[in-house]
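Descriptive structure summary
Residue strings, one per chain:
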Amino acid sequence: MRAISGHSQGSEDTEVIPMRMGRPPRLGASTHHQAKSSGAICMSFHIAIIGGGVSGLSAAYYLQQQALSSGQALDITVYERKPQFGGNADTVVVKLGTLQNGQGQPERAFIRWADLGVNDVNLATYVKLAALMKDIGYLQHMKPLQDTTSYFTADGNEYLTDDAALYNGVSDARFNLAQTDGGELSKLIAVVHQHAIDLVAPPAGGPPPVPVSYTVAHYFDSCIANPEGMLAATARRLQIQINWGDPAIPARIARIRDEIYYPRISAMYFTDNETGPGGMPLQSPFQYYRVQEGGVTPDRRYFEYGSQHWLQALARWMEQHSTDKVKVRHHMGAPVKVTISPASAVVTPSDAPPEHVDLVLMALHADDALHALEFKGIPTDTAHAIQATLHQVRYTRSYGVCHTDDRLLPRNRNVWRTYNVLVHSPAQQVQPYRMSYVENFHQNDPLTPSLDHIGLPMFFTSLLPDLKQVQANAVLTRLNGDEVPQNLRDALPHLAQSHAPAHHPQTGYSHELGATHAHLAGKAWALFKHNVLNVNCIDAQSRMQAINEDNAQRPLMPLFFGGGWTNGAGLHEQCLAQSQLLTQWAQRYINRHQAA
Ligand SMILES: Cc1cc2nc3c(=O)[nH]c(=O)nc-3n(C[C@H](O)[C@H](O)[C@H](O)COP(=O)(O)OP(=O)(O)OC[C@H]3O[C@@H](n4cnc5c(N)ncnc54)[C@H](O)[C@@H]3O)c2cc1C
């Protein structure tokens, strides 16, 4: 416990704690401190959150809110390895060239921004995210998104385009999925899709969800073997007319599998390259679709200033709402190691002395947690259970690259889109399709409305299994906050207030690559990693929830686990759900600790 004598720098009872890099101020050698508010002195509980992505920051937010309403004195420090918050939310500002607005006019930079990783959310299903954003005044920055998915053959020829969510028209009528096979294909897709979702997330009062061992291949095999038995009830519920006596239906379902779902699932950041899309548990992609694309009326949104900005805004909001009694601090730019003992914990950033804390919340990937954690005096079976659970989670890696290399795009410019995904080592039967989403509306020049949407020069963000797939000289250069011209900083205020350091920021997990990509230093790319959402990972997720719950019931150690890897596909909404659980577990831990 820490006690802090309050000294307000801001308003009467509000202290604004500046975000900083490097060593935080030492608050005293002892872990026991006092918090003073309006003359009263009380013991403050110190929580360390490891990881400054959406999981860590949302956990800090919920803890802060809870403490502000309960009166609990709380001192929260978010430790982040990189010099910026964001994690997989990684936004780059890039210079595409210079513009000359007519003769005699000065040249000026042609600048855009792009999201390399996290891109969009669905406010129809992201109810926790919407509530949090509303609370901090951020909802207005979530802009409507039109998404299309296009499918291509390996040689760049277009095949199908699903433009159902476009506001106007279609990309190219020749390849319009809605008209393919006389419209029968898209009708059947709607039924196949909804039935799979019902199997993994049954409606209230329905049968239990299918087991994790039930794969995507099992599902399609069953639909092909008995289309009417599997799908007719769902079609009736959706009021979609299908002639189940049509002998073409089994082949149509096989086509849907091979030309729609297998390519789509192959491109997901959490798919297992070893088993391929067919070997994935049905629940992995379809729970993802339910959250990311579902809802009575899906409400897809992108981030007006890029996804990283929202997390920087959240961090700033927490600073501004810190009080003498409830503080949120940050320690950036250094990885930490954590030593857990039965009644206390020590957090050691690589650039600062060890600090004793009362409780640690891990909000980083399982492999990073494994690397960062050390146990001292914890029963061996408990420590082993945690390590074995973390070890069970395997990772995929992808490169997010912002570039102008249109060889990665299909030949048909009508279907060029900004964000595209190249599939990871596809299974034999799957052609290497490519998907594109309309996310470029926000990537045109915000300073020049007349240039918006004309798309010149065209640039793209690709998620690639291999960085060599894009020409090195086509990768755009990443600008830092201090390099962005003043007029753009004025238009995008977050850049002016950005916590970007003077030097080039670290990109994703590129530090794990060593010097291999030194020639791309300062360029707009990042290495992302994500847990493979296979049977082992889903098992590890439920084991970790049990470990957390057990520890909240009879505290064994000051440690709980959150982070996107612990819940579903780790979408923002799922990270927030886990952060709310972390807050409940932490509160129970604090209550017991204080009662003892
Ligand atoms: C390519 C890609 C695209 C995605 N797109 C979307 C999308 O559009 N919408 C959506 O909702 N979700 C998307 N996701 C899922 C996304 O992962 C989650 O939404 C979310 O960003 C995960 O947040 P997190 O905080 O759990 O992990 P992360 O964002 O990875 O944050 C973990 C943090 O821990 C830090 N860290 C690691 N080790 C240490 C250490 N030892 N000490 C201190 N800090 C450490 C890391 O630097 C990192 O910042 C995408 C994921 C990927 C990979």
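The paragraphs below set out a description of the structure included in this document. Predicted model only: the values in this text are computed from it and were never measured.

Digging into the pairing of strand 20 (residues 434–437)
Side chains Arg-434 and Ser-436 project from strand 20 onto one buried face, and the interleaved Met-435 and Tyr-437 project onto a second face that is buried too. Judged from the four bridges that link them, strand 19 (residues 419–422) and strand 20 form a sheet pairing that is antiparallel. Paired with Tyr-419 across the strands is Tyr-437, a residue of strand 20.

Things to note about the packing of aromatic side chains
One pass over the structure, following the stated rule, counts 17 aromatic pairs. Ring centres 6.2 Å apart and planes at 80° place the aromatic pair Tyr-269 and Tyr-288 in the edge-to-face group. One end of the pair, Tyr-269, is in the loop between helix 6 (249–266) and helix 7 (283–292); the other, Tyr-288, is in helix 7, with 19 residues separating them in the sequence. Each ring, one from Phe-286 and one from Tyr-289, has its centre 5.2 Å from the other, and the planes form 80°; the classification is edge-to-face. Placement of the pair is Phe-286 and Tyr-289 together in helix 7, with a separation of three residues, close to one helical turn.

Quick look at the packing of helix 4 (residues 216–225) against helix 5 (residues 227–238)
Where helix 4 contacts helix 5, the two axes come as close as 5 Å, and the packing angle between them is 100°. By the angle between their axes, helix 4 is roughly perpendicular relative to helix 5. Contacts between helix 4 and helix 5 involve Tyr-219, Ser-222, Cys-223, Ile-224 and Ala-225 from the former and Pro-227, Met-230 and Leu-231 from the latter. Classifying every residue of the contact of helix 4 with helix 5 gives seven nonpolar, one polar and no charged.

Quick notes on the environment of Val-338
With respect to the secondary-structure elements, Val-338 resides in strand 13 (residues 336–340). Along the backbone, Val-338 and Ala-372 are 34 residues apart, and their C-alpha atoms lie at a distance of 5.9 Å. For Val-338, the residues in contact, after removing those within four places along its chain, are Ile-50, Val-346, Val-347, Val-360, Met-362, Ala-372, Leu-373 and Glu-374.

Some remarks on the layout of surface pockets
The calculated volume of the second largest pocket comes to roughly 1000 Å³. Of all the elements in the fold, those that place two or more residues in the lining of the second largest pocket are strand 9 (149–152), helix 3 (184–200), helix 6 and helix 7. Considering each element in turn, the lining of the second largest pocket owes the most residues, six residues, to helix 3. Considered class by class, the residues forming the lining of the second largest pocket number 16 nonpolar, eight polar and seven charged.

Section: the pairing of strand 16 (residues 359–362)
Every regular strand shows the same layout, with side chains that alternate between the two sheet faces. Here strand 16 shows a buried face lined by Leu-359 and Leu-361 and a second buried face lined by Val-360 and Met-362. As defined by bridge partners, strand 3 (residues 45–50) adjoins strand 16 across four bridges and the pair is classed as parallel. Note that in strand 16 the partner of Ala-48 across the bridge is Val-360. Inspection of the sheet shows strand 16 paired to strand 24 (residues 559–561) by three bridges, in the parallel sense. Paired with Met-362 across the strands is Phe-561, a residue of strand 24.

So, unusual backbone geometry
One non-glycine residue with positive phi stands out, namely Asp-181, at about 55°. We classify Asp-181 as partly exposed; its relative accessible area is 34%. Of note in this structure, Gln-239 is not a glycine but carries a positive phi near 60°. Take Gln-239: it is sitting in the loop between helix 5 and helix 6. A relative accessible area of 70% means that Gln-239 is categorised as exposed.

Structural notes on the environment of His-331
Checked against the element boundaries, His-331 lands in strand 12 (residues 326–332). Taking the C-alpha atoms as reference points, His-331 and Ala-352, separated by 21 residues in sequence, lie 9.7 Å from one another.

Definitions and cut-offs
Residues numbered from 1 in each chain as written. Predicted model: local features only at pLDDT ≥ 70, side-chain atom pairs only at ≥ 80, totals over all residues. Heavy atoms only, no water. Buried < 20%, exposed > 50% of the residue type's maximum accessible area, 1.4 Å probe, protein only. Helix = DSSP H or I, 4+ residues; strand = E, 2+ residues; numbered from the N terminus. Pairing = 2+ DSSP bridges. Phe/Tyr/Trp six-rings, centres within 6.5 Å; stacked < 30°, edge-to-face > 60°. Axes fitted to C-alpha atoms, helices over the stretch in contact; angles between N-to-C directions. Parallel < 35°, antiparallel > 145°, perpendicular 65-115°, else oblique. Contact = heavy atoms within 4.5 Å. Nonpolar A, V, L, I, M, F, W, Y, C, P; charged D, E, K, R; others polar. 1 Å grid on protein atoms, 1.4 Å probe; cavity = no way out; pocket = protein on both sides within 12 Å on 5 of 7 lines; lining within 4 Å. Points joined across faces, edges and corners; volume = space filled by probe spheres on them.

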